[in-house]
Amino acid sequence: MKFRAKIVDTACLNHFTRVSNMIAKLAKTCSLRISPDKLNFILSDKVASGGVSMWCELEQENFFSEFQMEGVSAENNEIYLELTSENLSRALKTAQNARTLKIKLTNKHFPCLTVSIELLSASNSSRIVTHDIPIKVIPRKLWRDLQEPTIPAAEVSIYLPLLKTMRSVVEKMKNISNHLIIEANLNGQLNLKIETELVCVTTHFKDLGNPPLGHQMCQPILDDKRCWSPQWNRMIEQMGFREDQNHMLQSSRVGVRVSCIMGLGGGSVGMRQGPRNKCSLIICVCFKANILGPFKSLFSLILFLIFIYLFIRYRQRFHFPPKDR
Amino acid sequence: MPLITTQAEEENDYSLVASLDNVRNFSTILKAIHFREHATCFATKNGIKVTVENAKCVQANAFIQAGIFQEFKVQEESVTFRINLTVLLDCLSIFGSSPMPGILTALRMCYQGYGYPLMLFLEEGGVVTVCKINTQEPEETLDFDFCSTNVTNKIILQSEGLREAFSELDMTSEVLQITMSPDKPYFRLSTFGNAGSSHLDYPKDSDLMESFQCNQTQVNRYKISLLKPSTKALVLSCKVSIRTDNRGFLSLQYMIRNEDGQVCFVEYYCCPDEEVPESES
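Residues numbered from 1 in each chain as written. Chains lettered and ligands numbered in written order. Predicted model: local features only at pLDDT ≥ 70, side-chain atom pairs only at ≥ 80, totals over all residues. Heavy atoms only, no water.

Within chain A, the regular secondary structure consists of seven helices and 13 strands. Looking at chain A as a whole, 54% of its 325 residues are labelled buried. Residue pairs at least 24 apart in sequence account for 66% of intrachain contacts in chain A once pairs closer than 6 positions are excluded. As displayed, chain A offers around 15,200 Å² of accessible surface, 50% of which is attributable to carbon and sulfur atoms. (Helix = DSSP H or I, 4+ residues; strand = E, 2+ residues; numbered from the N terminus. Buried < 20%, exposed > 50% of the residue type's maximum accessible area, 1.4 Å probe, protein only. Contact = heavy atoms within 4.5 Å. Areas by Shrake-Rupley, 256 points an atom, 1.4 Å probe, with all protein chains shown as cover.)

So this is what it looks like as structure tokens:
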């Protein structure tokens, strides 16, 4: 089992740092899957009927200038590790203005992910900071718990509005209520709503457009302005909330019950065509339907917010989706 | 859509209807008095007055005159209700509190009358938010009986002169002592904290001093914890008028200019902490 990688480009390094910061905010421990062309950060919350799982995919060649790995065996050329996500993000904090970053798998009394950072200093001599992050190697028999999540079939799927607007709305709603009700239909209407004793607030978004249902969503709309706001075409985030959420839908022409509303991600072009788009990244966050009550939904709401927040930042950094060339 | 039609039909049922192209002209003023959770609103045909009180000793009033609104209708003589100011401000800034250039949030505010919720319709870029904020039984507000004929000392300052002083007040001091006098030290702010006392003097002929009308020496102490919230208004304002009356009551009036150049006023009243022996009265 071997792994060694190097980042030289500052933009890639910053991007990698931000990804790791986001993961540190989402979960205490995460799994890292290393394969010859991809790095995956995986969260799979196995809490019964709830919890959040995440699948974050980094195309190796978009980040690393050198990348060598040797998996457990030739036919299973992969490595699965478990690490405390905060350790990684803390280690990368020192890498802010680094010249290079090297990551390798080492064994120093215990298995470690060694992050060595070459820093520039005022006098031309460079310094190297090394962090050893203790890890656990995940045995093969547990690998199948860490496979890419299958996204449940959606009954309603909708493009999200400008995330900046949406984030601000959700942020303010979070101040007032622990529960957020999400309603959407196939007419391109999306409502975000809170209901408390003090106040009822509903934000109506309309004309959002619905991506085609099913899996043939490969038609990017490049000349559509909305392409710059995220085009959500993977049905990933499942946020079915309460049973009483449907009165808006009943009044609309399409009487579909919402069980799954949103996809997280970006325009299919921006996400998939890694080489054209310098740093491509795929993140899926899955929320289970909220049956467990306030705690779960509060948690998922916070995660959702963090996600949206981070997504906005990444999107700007990416120049995403890629400029049409 | 159905919302808007019902709105038109019931237009006459509303005792208060106000609309505004830029919600920030309204929300900034409210932020200046947001130091307690609840506020009492009074609407007359001249505008809306929002009052916040604390400890029966301090009262803040924000006046949003009818001219600030593009449409302003009050059906009754006066409309009064109590509302959760924190929630109201969250609702008003639901599309984000930092402005994006060229994008304004429009507001339409309707209130049907006693027992009904306050309805807010906010719109930005085609996105509509409807808020229904439950109103509460209005409470009687304090009457400070601060009459301009009883004013003994009055100073008008440019706010920047006071801003720094207020933001750096020694909070370990229990009181802020304000000295106003026709002779030296003219206008002095003093605190008495753990680290010692500090005095800040403003000369009468300072550039910051717009007007100085002091008739007699007055030394009054005010609870610093009660005055500190007025910093919010101070930060937004361009001028401040500081007045004391013969009983030592303090009135701070802040002139706040909004994004459209209109002027609004926010006013703080505060009781003196204790009687300080004075030369007269």
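We now examine the overall build of chain B. When helices and strands are tallied, chain B shows six helices and 18 strands. Against the compact-globule benchmark of 19 Å for 281 residues, chain B has a radius of gyration of 21 Å, which places it among compact chains. Along the longest, intermediate and shortest principal axes, the C-alpha atoms of chain B span 65 × 40 × 35 Å. A separation of at least 24 residues holds for 67% of the contacts in chain B among residues at least 6 apart in sequence. (Rg over C-alpha atoms; globule rule 2.2 N^0.38 Å.)

Glancing now at a nonpolar patch on the surface. Together, Met1(A), Val72(A) and Val137(A) line one region of the surface with nonpolar side chains, adding up to about 240 Å² of accessible area. Mapped onto the elements, Met1(A) comes out in the segment before strand E1 (2–7). (Patch = residues over 30% accessible without salt bridge, like charges linked within 9 Å, V, L, I, M, F, W, Y side chains within 5 Å. Salt bridge = Lys/Arg side-chain N within 4 Å of Asp/Glu carboxyl O.)

Here we come to the sheet that holds strand E12 (residues 187–193) of chain B. Where strands meet in a sheet, backbone hydrogen bonds hold them as pairs that are either parallel or antiparallel. All names here are of chain B. Read across the sheet, four strands follow the order E13-E12-E11-E15 without closing on themselves; strand pairing throughout is antiparallel. Each edge of the open sheet carries a strand with a single partner, namely strand E13 (196–202) and strand E15 (218–223). The mean inter-strand angle of the sheet, taken between neighbouring strand axes irrespective of direction, is 20°. For E12 and E13, the ladder comprises seven bridges, and the chain directions are antiparallel. Across the sheet, Gly193 pairs through a bridge with Gly196, a residue of E13. Each of strand E11 (175–180), E12 and E13 touches helix H4 (residues 159–167); the most contacted strand, E13, lies at about 175° to it. (Pairing = 2+ DSSP bridges. Axes fitted to C-alpha atoms, helices over the stretch in contact; angles between N-to-C directions.)

Another point: the packing of helix H1 (residues 10–26) of chain A against helix H3 (residues 85–93) of chain A. Residues and elements named next belong to chain A. Where H1 contacts H3, the axes come no closer than 8 Å and their chain directions differ by 145°. Crossing hand, H1 versus H3: left-handed. Along its contact with H1, which presents Phe16, Thr17, Ser20, Asn21, Ile23 and Ala24, the element H3 presents Ser85, Glu86, Leu88, Ser89 and Leu92. Residue composition of the contact of H1 with H3, by class: five nonpolar, five polar and one charged. (Left-handed = near helix turned anticlockwise from the far one by under 90°. Nonpolar A, V, L, I, M, F, W, Y, C, P; charged D, E, K, R; others polar.)

Further remarks concern the interface of chain B and chain A. How big an interface is tends to be expressed through the accessible area that disappears when the partners come together. Each side of the interface is counted separately: chain B has 21 residues, and chain A has 18 residues. A combined buried area of about 1,600 Å² lies between chain B and chain A, and 58% of that area is made up of carbon and sulfur atoms. Among the residues chain B hides against chain A, the three largest losses belong to Asp90(B), Ile94(B) and Val127(B). Together they make up 29% of the total. Scanning the region where chain B abuts chain A turns up zero salt bridges. For the pair chain B and chain A, the interface holds 12 residue pairs in polar contact (both at pLDDT 80 or more). Looking at the side of chain B that touches chain A, the elements with two or more residues in it are helix H3 (85–92) and strand E9 (127–133) of chain B. Top element by residues in the side of chain B that touches chain A is E9(B). It accounts for seven residues. Here the side of chain B that touches chain A is built from residues that sort into 11 nonpolar, eight polar and two charged. Here strand E12 (residues 199–205) of chain A runs beside E9(B); their pairing, made up of six bridges, is antiparallel. (Buried area = accessible area lost by both parts, 1.4 Å probe. Polar contact = N/O pair within 3.5 Å; in protein donor to acceptor, adjacent residues only side chain to side chain.)

It is worth spelling out the packing of helix H4 (residues 163–176) of chain A against H3(B) at this point. For the pair H4(A) and H3(B), the least separation of the axes is 9 Å and the interaxial angle reads 170°. With respect to each other, H4(A) and H3(B) are oriented roughly antiparallel. Seen from above, H4(A) lies across H3(B) with left-handed handedness. On the side of H4(A), the interface is formed by Lys172(A), Asn175(A) and Ile176(A), while H3(B) contributes Val87(B), Asp90(B) and Cys91(B). (Parallel < 35°, antiparallel > 145°, perpendicular 65-115°, else oblique.)

Enumeration according to the criterion identifies 17 aromatic pairs over all chains in this entry. Ring centres 6.5 Å apart and planes at 45° place the aromatic pair Phe16(A) and Phe41(A) in the tilted group. You can see Phe16(A) sitting in helix H1 and its partner Phe41(A) sitting in strand E3 (residues 38–44), a full 25 residues away along the chain. For Phe16(A), a relative accessible area of 2% corresponds to the buried category. Taking the relative accessible area as the measure of exposure, Phe41(A) reaches 2% and is therefore buried. By way of ring pairs, the aromatic residues Phe3(A), Phe16(A), Phe41(A), Phe63(A), Phe64(A) and Phe67(A) are connected into one cluster. A cation over a ring is seen here: Lys49(B) above Phe42(B), with NZ or CZ 5.1 Å from the ring centre. Seen from the ring of Phe249(B), Arg247(B) lies directly overhead, with NZ or CZ sitting 4.1 Å from the centre. (Phe/Tyr/Trp six-rings, centres within 6.5 Å; stacked < 30°, edge-to-face > 60°. Lys NZ or Arg CZ within 6 Å of the ring centre and 35° of its normal.)

Residue and element names in this part refer to chain B. Position of Glu124 relative to the elements: it lies in strand E8 (residues 118–124). Separated by 2.7 Å, the side chains of Glu124 and Thr105 make a polar contact. Non-local contacts of Glu124, meaning those with residues more than four positions away in its chain, are made with Phe95, Met100, Ile103, Leu104 and Thr105.

This part takes up the environment of Ser126(A). Residues and elements named next belong to chain A. Within the fold, Ser126 resides in the loop between strand E8 (110–119) and strand E9 (127–137). Look at Ser126 and you get partly exposed, because its relative accessible area is 36%. Distance from Ser126 to Lys28, taken between C-alpha atoms, is 33 Å for residues 98 residues apart in sequence. Sequence-distant contacts of Ser126, that is, excluding residues within four places in its chain, are made with Arg99, Glu118, Leu119 and Ser121.

Next up on the list: the pairing of strand E5 (residues 66–70) of chain A. Here is the key point about a regular strand: its side chains alternate between the two faces of the sheet. All names here are of chain A. The alternating pattern of E5 places Phe67 and Met69 on a buried face, while none of Glu66, Gln68 and Glu70, on the opposite face, is buried. Across five bridges, E1 lies against E5 in antiparallel orientation. Considered in E5, the bridge of Lys2 is made with Glu70.

Taken as a whole, chain B shows an average pLDDT of 90; of its residues, 94% reach a score of 70 or greater. Predicted as a complex, the structure gets a pTM of 0.73 and an ipTM equal to 0.84. (pLDDT = per-residue confidence, 0-100.)

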